[in-house]
Amino acid sequence: MRPMTTLTTICLLLTFWSVVMTVILLSNNGPEQDERARRYLVDMEVRIDAFDTRNRQHLDELHQEIKQLKAVLLNHTNQNEIKTNQHPPVQVDIKPIDSEVEETDKDLNKESTIHVDVAALHHESSTIVPGPAVVINSTFNNDEPIAILLIACNREIVSRAIDSLLKYRPSEDLFPIIVSQDCIHEGTSNVIDSYGDKISHIKQPDQSEFPLKGKERKMKGYYKIARHYKWALGQVFDVYGYNYAIVVEDDLEVAPDFYSYFQATRPLLATDKKLWCVSAWNDNGKEVFIDTDDIGKLYRTDFFPGLGWMLTVNL
């Protein structure tokens, strides 16, 4: 069916382009513009007819193949119905799904300290992580702390990010929050300090300027951000001694399932050495691009999404 898909796509693109050009042409009122629009539509119609003629033979062949496949499928279905009628009905003992889930949870609690549904991760590994199945050790300790590293600078609205992190945080011990501040900005520092011992506040000490020349001077901000990230991650892993960190920025507000999402995916990150990080952000996360019927589906990508991502000390 790929030729049919390609053909349909091309026709849709041609139609879409003709509509766009017509709107552009008609947006300029006047007899000359109307005549140009009319000529353009006639020309586009001729092109589509020619395209359709060239591919009519191929379309007819596809229709014949579809008819043959339908006939084979119908014959196979009829044979199965005949075989089924020759045997007595089989009694099947069906358990409610809820009871099976409860029994599975009981077994997991006995054999594992993990707080995510390991059985579900095993079962869904081929869909959650496309490619080779990832085997997760059921004794994986998912109670190890995951540091939340909040990158801040000179925006006092950092309070909104901190408020959302504190609002949904299930455990202070499991998810310690470290706010790392670059820049020397007293207002932002006061906001961060107002949270007291609910969070940790660290400040990037090196505020020196980079000796950049020419066009590189436009990149000064990126140099400073990179320096801040390197220092802050060093504090989390080398000074505080955490093995996992989730990096967020001062203009983000997390969702209610922020913590459960990262706690559930941490075993994948720890087990699959091909994963560099786990991100809660999807640049293509619009309804038309995702499977809304499968809220547990995750996608691999070779593009670094950032904006709320978890990494390990080994990276």
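Calculation criteria
- Residues numbered from 1 in each chain as written.
- Predicted model: local features only at pLDDT ≥ 70, side-chain atom pairs only at ≥ 80, totals over all residues.
- Heavy atoms only, no water.
- Helix = DSSP H or I, 4+ residues; strand = E, 2+ residues; numbered from the N terminus.
- Contact = heavy atoms within 4.5 Å.
- Areas by Shrake-Rupley, 256 points an atom, 1.4 Å probe, with all protein chains shown as cover.
- Phe/Tyr/Trp six-rings, centres within 6.5 Å; stacked < 30°, edge-to-face > 60°.
- Buried < 20%, exposed > 50% of the residue type's maximum accessible area, 1.4 Å probe, protein only.
- Pairing = 2+ DSSP bridges.
- Axes fitted to C-alpha atoms, helices over the stretch in contact; angles between N-to-C directions.
- Salt bridge = Lys/Arg side-chain N within 4 Å of Asp/Glu carboxyl O.
- Expected span 1.5 Å × (residues − 1).
- Bend = angle between axes of the 7 residues up to and from the residue.

(A) Seen up close, the overall build of the protein. Looking only at helices and strands, one finds nine helices and six strands in the protein. Considering only contacts within the protein whose residues lie at least 6 apart along the sequence, 71% involve residues at least 24 apart. Working note: accessible area of the protein is about 21800 Å², and carbon and sulfur atoms make up 56% of it.

(B) Main features of the packing of aromatic side chains. Applying the stated criterion across every chain yields a total of seven aromatic pairs. Judged by centre distance (5.4 Å) and plane angle (50 degrees), the ring pair of F210 and Y223 falls under tilted. Of this pair, F210 sits in the loop between β3 (200–203) and α8 (220–239) while Y223 sits in helix α8, placing them 13 residues apart in sequence. Residue classification places F210 among the partly exposed positions, given a relative accessible area of 25%. Note on Y223: relative accessible area 34%, which makes it partly exposed. Their ring planes at 15 degrees and their centres at 6.2 Å tell us that Y240 and Y242 sit as a pair that is stacked. Looking at Y240, the relative accessible area reads 36%, which means it is partly exposed. Clustering of aromatic rings is evident, with ring pairs tying together F175, F258, Y259, Y261 and F262.

(C) Representation of the sheet that holds β3. Pairing within the open sheet is mixed, and its six strands lie in the order β3-β2-β1-β4-β6-β5. Edge positions in the sheet fall to β3 and β5 (278–279), since each has one partner strand and no second. With respect to the sheet, α8 is in contact with β1 (147–152), β2 (177–181), β3, β4 (244–249) and β6 (309–312), its orientation differing from that of β1 by roughly 155 degrees.

(D) Highlighting the pattern of salt bridges. Here the structure, examined in full by the defined rule, presents eight salt bridges. As a salt-bridge pair, R155 and D250 come within 2.7 Å of each other at their nearest N and O atoms. Of this pair, R155 sits in the loop between β1 and α6 (158–168) while D250 sits in the loop between β4 and α9 (258–271); the two residues are 95 residues apart in sequence, bridging distant segments of the chain. Owing to a relative accessible area of 37%, R155 belongs among the partly exposed residues under this scheme.

(E) Representation of α9. Along its 14 residues, α9 runs 21 Å from first to last C-alpha, staying within 8% of the 20 Å computed at 1.5 Å per residue. Of all bends in α9, the biggest is about 35 degrees, found at T265, and the proline P267 comes one to four residues later. For α9, the buried fraction is high: 10 of the 14 residues fall into the buried class. Listed as buried for α9 are F258, Y259, F262, Q263, T265, R266, P267, L268, L269 and A270.

(F) Highlighting the pairing of β4. Burial runs high along β4: five of the six residues are buried. In this structure, β1 lies alongside β4, joined through five bridges in parallel fashion. Looking at β4, one finds that I151 is bridged to E249. Sheet topology note: the β4/β6 ladder contains four bridges and is antiparallel. Note on β6: the bridge partner recorded for A245 is L311.

Distances and angles like these do not, on their own, reveal function.
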